[in-house]
Amino acid sequence: GAGVSQSPSNKVTEKGKDVELRCDPISGHTALYWYRQSLGQGLEFLIYFQGNSAPDKSGLPSDRFSAERTGGSVSTLTIQRTQQEDSAVYLCASSLGAGTIAKNIQYFGAGTRLSVL
Amino acid sequence: GEDVEQSLFLSVREGDSSVINCTYTDSSSTYLYWYKQEPGAGLQLLTYIFSNMDMKQDQRLTVLLNKKDKHLSLRIADTQTGDSAIYFCAERGNDYKLSFGAGTTVTVRA
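Keep in mind that what you see is a predicted model, and the values were worked out from it rather than measured.

Considerations on the state of the cysteines
Right, on to step 1. According to the stated counting rule, one finds two disulfides over all chains in the structure shown.
Right, on to step 2. Disulfide partner of A:Cys23: A:Cys92, at an S-S distance of 1.9 Å. In this structure, the disulfide formed by A:Cys23 and A:Cys92 twists by about -65° around the S-S bond and is classed as left-handed. With A:Cys23 in strand E3 (residues 19-24) and A:Cys92 in strand E9 (residues 88-95), this pair connects stretches of sequence that are 69 residues apart.
Right, on to step 3. Given the relative accessible area of 0%, A:Cys23 is considered buried.
Right, on to step 4. Between the sulfur atoms of B:Cys22 and its disulfide partner B:Cys89 the distance amounts to 2.0 Å. Handedness here is read from the sign of the S-S torsion; for B:Cys22 and B:Cys89, about -65°, the answer is left-handed. Note that B:Cys22 is positioned in strand E3 (residues 18-24) and B:Cys89 in strand E9 (residues 85-92), a separation of 67 residues in sequence.
Right, on to step 5. Residue classification places B:Cys22 among the buried residues on the basis of a relative accessible area of 1%.

As for the environment of A:Trp34
All names here are of chain A.
Right, on to step 1. Turning to its location among the elements, Trp34 is positioned in strand E4 (residues 31-37).
Right, on to step 2. In this structure Trp34 comes out as buried when scored by relative accessible area, which is 0%.
Right, on to step 3. C-alpha separation for the pair Trp34 and Val74, spaced 40 residues apart in sequence, amounts to 12 Å.
Right, on to step 4. Within the structure, Trp34 has its side chain in polar contact with the side chain of Ser75 (distance 2.9 Å).

Section: the interface of chain A and chain B
Right, on to step 1. In this assembly, 22 residues from chain A lie in contact with 18 residues from chain B.
Right, on to step 2. For the chain A and chain B pair, buried surface summed over both sides reaches about 1,600 Å², with 59% attributable to carbon and sulfur atoms.
Right, on to step 3. Summed over the shared surface of chain A and chain B, the number is zero salt bridges.
Right, on to step 4. On the surface where chain A and chain B come into contact, there are two residue pairs in polar contact (both at pLDDT 80 or more).
Right, on to step 5. At the level of elements, E4, strand E5 (43-50) and helix H1 (101-104) of chain A are the ones that each hand at least two residues to the side of chain A that touches chain B.
Right, on to step 6. In the side of chain A that touches chain B, the residues fall into eleven nonpolar, ten polar and one charged.

Rules behind the numbers
- Residues numbered from 1 in each chain as written.
- Chains lettered and ligands numbered in written order.
- Predicted model: local features only at pLDDT ≥ 70, side-chain atom pairs only at ≥ 80, totals over all residues.
- Heavy atoms only, no water.
- Disulfide = S-S within 2.5 Å.
- Helix = DSSP H or I, 4+ residues; strand = E, 2+ residues; numbered from the N terminus.
- Buried < 20%, exposed > 50% of the residue type's maximum accessible area, 1.4 Å probe, protein only.
- Polar contact = N/O pair within 3.5 Å; in protein donor to acceptor, adjacent residues only side chain to side chain.
- Contact = heavy atoms within 4.5 Å.
- Buried area = accessible area lost by both parts, 1.4 Å probe.
- Salt bridge = Lys/Arg side-chain N within 4 Å of Asp/Glu carboxyl O.
- Nonpolar A, V, L, I, M, F, W, Y, C, P; charged D, E, K, R; others polar.

And the structure:
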């Protein structure tokens, strides 16, 4: 597609439920990133994919969080047994690669606003 | 992780220049970026600067980098109402990770 697409744009869920957030990167971009933006804070890195593999999961806050990427394209971020502190905007970005500057410019989607009641 | 700090708010009159400041701690930073976020939208890359440069100009935007002091600034000339947004400073070390500041909310008043 023309840009990074995320769905849903808004998600309201009850505490304890599982949620899935989807990211469709720019066509041809091999690198994909998930970030979390909490109110009044900067972006917190969650996970990075190169192709279908995730060499860096260091930012995932707990084992309730997982992500996968299939076909080198679409990625899904899953949060199990959601808690109120999971409420945030989840942003996805993609880049051509992860090397030189030209390849590492990260293009962001509009995000999914998650509210856990 | 690396720390990136920005002031949280800036109010500027339409037509004046805006200056947004950022400091970072990672001495191995290779590239530094400015992103803009409008309400309900994702982050839009405005400009970036390589760490061996002191200044970069792009139309109304001027980026200044003081590597010794680890200080980055973004100047917006002739600020317009459409410039009202949150501006994020980000730095990249020797890998792919970007470390972001908390963002500066710029409000342009008539």
